[in-house]
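One-letter residues, chain by chain:
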Amino acid sequence: MTQAPTEGPDSESAVEAGGYRQELKRTLGSFQVFAISFAFISVAVGIFATFDEVLVTAGPVGIWLWLVAAVGQSLVALVVAQFAARIPLSGSSYQWASRLGDPKVGWWFGWLTFCYLAIAVVAIDNALASQAFMPLAGIAADEDTARVITLVVLLVQAVLAIASTRLVGWINSAAVGLELALVAVVAIALVIVVAVTGNGSTANLTSRGITEHAPGYFAVGGGLMLAMIMGLATLVGFDSAANLAEEAKDPYRSVPRAIVGSVVAAGVLGMLFLITLTLTLAIEDVPRISHEASPVAAIMRDRFGAVAERTLLVAITFAFFGAGIVVMTACSRLVYAMSRDSRFPAHRTMRRVSPRTRTPVPATLLVLGIGVVLMIALPGAALLELITASTILPALIYGATIVLYLTVRRHLARQKGAFDLGRLELPVAVCALAWTLIALFVLVTPAEALTAVVIVGGLLLLGGLFFLGMLTFDREVLESEPGDESAFRH
């Protein structure tokens, strides 16, 4: 078992101590690192995409479960940040589990994270096409058209991710800045509308809306519990900053702060946004708004007109794009990290870094290729089920990460000047573990989740076959930690 050094090494020595050469270029400042995590979460995108489900399954009162999810995910982020402050290497949980636990266990962390990120890229970009860009451009809903647009978006994102990590950082900083401004301006504007016109009601905040007489509302897997999925599906991916730790300046501080700060900021802003949206739902309009394909856009249209709706769609489209490019970049870094340790298919190719752009080109093209295959090969129903399955994977990964932390925390050194919970680490970790168990229960209990659970099992089986192949033909790869065995040793 190994750990980070107790002295305060600079960014370059952190990579060298891990047994690697600094191949990736450090260009990401503190705000850009924060933007990486915040863009993945993308609170405006998450609410835009799932608010309709909350209204249909739980009614307006379901928004309060966002607050529950925000607190729970913040606890998880605090634990994840503890690892990020000690081992700032690309590959995040793969590196942490391999170095502090067992390399074989670490491989499974990496595989699950890869599956999640690879699917998430497609999910985000397909939502960009169907829920934002096509309505903005006045294109009628059509699955084939959405797939073509998704393919184009994937290609553009891959080109940008290959061209420059700094460029990705700039795009995300702009997207996050626009999103923060959007949420703040819309929230303030809606409050002003309510105050000036009186056309709103605080009763909406406790209303069940169209679910007033729905059977099984409070049951396990019922409507109220399903509303939790909005927060669980949105407030994830905050650890993406850790996957780019080797490209961040001062990663011992900037990465942990980005992980925690992004969740807290998204949780607070999202709750304020949801409250103002719900306040402006006049009681007699709740049924109509609940059946809108995009309730958020409909509310904007009703309150401010078509121009405001289109402005919202422009901002949401850009936010979707920023989130997608972040996920693609994070996934490519994970592939690169596993490949340089010979633990990923075609690792000799996937570990290559362009000497000109200092980015892992083959790994990025792999993520693009997976997206293309999923878009072309999977029918609509199967693609939807695959995307649904991807909501279960982060809960599994975070739960396993917390178990790992509780197992090895006594052996972890304190990194001077780095993020540290101190005496709070144990109670925070225990509460975070309890929360992830609740989150998993919420995600897998509904009857609709059965297919998604089966898909997750299939992904585990696929990974198991490759894992078995390594154990049979290249066992030594899995019997030593990544990089130099002396790295981070206590």
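Before reading on, note that the structure itself is shown above.
### Here's the deal with the overall build of the protein chain
Part 1 of the argument: A tally of regular secondary structure across the protein chain gives 21 helices and zero strands.
Part 2 of the argument: Against the compact-globule benchmark of 23 Å for 490 residues, the protein chain has a radius of gyration of 22 Å, which places it among compact chains.
Part 3 of the argument: Dimensions of the protein chain, computed from C-alpha atoms along their principal axes, come out at roughly 65 × 50 × 40 Å.
Part 4 of the argument: If you take every contact in the protein chain between residues at least 6 apart in sequence, the share linking residues at least 24 apart comes to 84%.
Part 5 of the argument: Placing the 31 positive and 34 negative side-chain charges of the protein chain at their respective mean positions leaves the two points 8 Å apart.

### Focus on helix 3 (residues 43-57)
Part 1 of the argument: The end-to-end C-alpha distance of helix 3 is 20 Å, a good match for the 21 Å that 15 residues give at a rise of 1.5 Å each.
Part 2 of the argument: Of all the bends in helix 3, the greatest measures close to 45 degrees and is centred on Thr50.
Part 3 of the argument: The buried fraction of helix 3 is high, at 12 of 15 residues.
Part 4 of the argument: All buried positions along helix 3 are accounted for by Val43, Ala44, Val45, Gly46, Ile47, Phe48, Thr50, Phe51, Asp52, Val54, Leu55 and Thr57.
Part 5 of the argument: Backbone geometry just downstream of helix 3 places Gly59 in the positive-phi region, at approximately 85 degrees.

### A look at the packing of aromatic side chains
Part 1 of the argument: One pass over the full model with this rule turns up 14 aromatic pairs.
Part 2 of the argument: Measuring from ring centre to ring centre gives 5.3 Å for Phe83 and Tyr405, while their planes differ by 85 degrees; the resulting arrangement is edge-to-face. Of this pair, Phe83 sits in helix 4 (residues 64-84) while Tyr405 sits in helix 19 (residues 392-408), and the two are 322 residues apart along the sequence. A single burial state applies to Phe83 and to Tyr405, both of which are buried.
Part 3 of the argument: The aromatic ring of Tyr217 is capped on one face by Arg208, whose charged end is 3.8 Å from the ring centroid.
Part 4 of the argument: Sitting over the face of the ring of Tyr20, Arg340 holds its NZ or CZ atom 3.6 Å from the ring centroid.

Calculation notes
- Residues numbered from 1 in each chain as written.
- Predicted model: local features only at pLDDT ≥ 70, side-chain atom pairs only at ≥ 80, totals over all residues.
- Heavy atoms only, no water.
- Helix = DSSP H or I, 4+ residues; strand = E, 2+ residues; numbered from the N terminus.
- Rg over C-alpha atoms; globule rule 2.2 N^0.38 Å.
- Contact = heavy atoms within 4.5 Å.
- Lys, Arg positive; Asp, Glu negative; His and termini not counted.
- Charge placed at Lys NZ, Arg CZ, Asp CG, Glu CD.
- Expected span 1.5 Å × (residues − 1).
- Bend = angle between axes of the 7 residues up to and from the residue.
- Buried < 20%, exposed > 50% of the residue type's maximum accessible area, 1.4 Å probe, protein only.
- Phe/Tyr/Trp six-rings, centres within 6.5 Å; stacked < 30°, edge-to-face > 60°.
- Lys NZ or Arg CZ within 6 Å of the ring centre and 35° of its normal.

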